[in-house]
Amino acid sequence: MGKLVIGLLGSPLTAGNTANLLDKALEGAKDAGCRVEKIEVIKLNIQACREIFYCREHEECAIKDDMTGMYEKFRELDSLIVATPVMTMGIPGLLKSFIDRFQVFFMAKYMRKNPMVPEEKRSHRKGLYLGISGMNVPYVFDGAKLTMKAFFEIIDVSYWDDLLINDMDTIQDLTKRPELLEEAYKKGYELGRMLQTEENNS
Ligand SMILES: Cc1cc2nc3c(=O)[nH]c(=O)nc-3n(C[C@H](O)[C@H](O)[C@H](O)COP(=O)(O)O)c2cc1C
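Residues numbered from 1 in each chain as written. Predicted model: local features only at pLDDT ≥ 70, side-chain atom pairs only at ≥ 80, totals over all residues.

*Asks:* In this structure, what is going on with the site of the ligand? I would like to understand it.
*Replies:* Among the 16 residues in the neighbourhood of the ligand, the closest are listed as Ser11, Gly16, Thr18, Gly134 and Met135. Within the shell around the ligand, the residues separate by chemical class into 9 nonpolar, 7 polar and no charged. (Near = placed C-beta within 6 Å. Nonpolar A, V, L, I, M, F, W, Y, C, P; charged D, E, K, R; others polar.)

As structure tokens, this is what we get:
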């Protein structure tokens, strides 16, 4: 059975440019032999973290919503691809709420020193960040990248690579830049290839 690669879409547009980029990367990972699954945050019914801190003592959140099933999925995944547009120099609010709810993993890892992710998975889990911004300024991904790095660390995924595409307000339609979609495919494929090679060697 292939390794599990999850693609997390932060854009509210499930058929927009960011979604297109994510689909290409997941196609690459699939072609490399991995199992792939896509999560579109816009379709989830989730609340923001309320700092109840039930997760200080428990491997779950006190709020019961669509995040409940996510913790098990994020324990199991072998790699994660997050694709998101920049919004207000950061990431979209719903994606941020999704990420904040991984306080469940934060508490287990840093407070109770008992990570939620099994030890055999921790060494190989890789993260790929696909970013899109409307503006063409050098610092436009800084905020999102910091959040992504923190998220990956909390869930025991090492920041492997990124593909950052700016100036989308000018490009408008990513299908006009097939070389960028091809780059996403190649990164997804390479991620999948590395995972499958590790599996074959273990
Ligand atoms: C609410 C909102 C806020 C945005 N803020 C920024 C921003 O701060 N910087 C930027 O470069 N682009 C910003 N954008 C532009 C998006 O990053 C850009 O339109 C992107 O291509 C959207 O990707 P999508 O169509 O796949 O969702 C913003 C867009 C929206 C809707």
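*Asks:* Even after reading the chapter, I still don't get helix H8 (residues 178-201), so can you show me in this structure?
*Replies:* Every α-helix winds through 3.6 residues per turn, so residues three or four apart in the chain are directed the same way. Over its 24 residues, H8 runs 34 Å from end to end, which matches the ideal 34 Å to within 8%, given 1.5 Å per residue. Considered for burial, the residues of H8 that qualify are Ala184, Lys187, Gly188, Tyr189, Leu191, Gly192 and Leu195. Packed against the buried residues of H8 are strand S1 (4-9), helix H1 (17-31), strand S3 (79-85), strand S4 (126-132) and strand S5 (158-165). (Helix = DSSP H or I, 4+ residues; strand = E, 2+ residues; numbered from the N terminus. Expected span 1.5 Å × (residues − 1). Buried ≥ 20, exposed ≤ 12 C-beta atoms within 10 Å, placed from the backbone. Contact = placed C-beta atoms within 7 Å.)

*Asks:* Mind showing me how you'd approach unusual backbone geometry here?
*Replies:* A negative phi angle is the norm for most residues apart from glycine, just as the trans form is the norm for most peptide bonds. Phi is positive for Glu51, close to 55 degrees, though the residue is something other than glycine. Structurally, the position occupied by Glu51 is in the loop between strand S2 (35-40) and helix H2 (70-76). Glu51 sits in the exposed class, given 7 other C-beta atoms within 10 Å. The backbone phi angle of Asp156 is positive, close to 55 degrees, even though this residue is not glycine.

*Asks:* In this structure, what is going on with the packing of H1 against H8? I would like to understand it.
*Replies:* Packed helix pairs are characterised by how far apart their axes lie and by the angle those axes make with each other. Interhelical geometry of H1 versus H8 gives an angle of 35 degrees and a closest axis separation of 6 Å. Crossing hand, H1 versus H8: right-handed. In this structure, H1 uses Asn20, Leu21, Lys24, Ala25, Leu26, Glu27, Gly28, Ala29 and Asp31 to contact H8, whose residues at the interface are Leu181, Ala184, Tyr185, Lys186, Lys187, Gly188, Tyr189, Leu191 and Gly192. Here the contact of H1 with H8 is composed, by residue class, of 9 nonpolar, 4 polar and 5 charged. (Axes fitted to C-alpha atoms, helices over the stretch in contact; angles between N-to-C directions. Left-handed = near helix turned anticlockwise from the far one by under 90°.)

*Asks:* I would appreciate a short explanation of the environment of Asn136 in the present structure.
*Replies:* With respect to the secondary-structure elements, Asn136 resides in the loop between S4 and helix H6 (142-154). According to the C-beta neighbour criterion, Asn136 is exposed, with 12 such atoms within 10 Å. Taking the C-alpha atoms as reference points, Asn136 and Leu13, separated by 123 residues in sequence, lie 21 Å from one another. Once residues lying within four places of it in the same chain are set aside, the contact partners of Asn136 are Asn166 and Asp167.

*Asks:* When you look at the pairing of S5 in this model, what are you seeing that I'm missing?
*Replies:* A regular strand carries its side chains on alternate faces of the sheet. Taken together, the 7 bridges between S4 and S5 define a ladder with parallel strand orientation. The residue bridging Leu128 from the neighbouring strand is Asp161, located in S5. The handedness of the S4 to S5 crossover, carried by H6, is right-handed. (Pairing = 2+ DSSP bridges. Right-handed = clockwise from strand over helix to strand, strands pointing away.)

*Asks:* What is the right way to look at the environment of Gly90 in this model?
*Replies:* Relative to the elements of secondary structure, Gly90 occurs in the loop between S3 and helix H3 (93-100). Taking the C-alpha atoms as reference points, Gly90 and Lys109, separated by 19 residues in sequence, lie 25 Å from one another. Beyond its immediate stretch of four places on either side in the chain, Gly90 contacts Gly143, Ala144 and Thr147.

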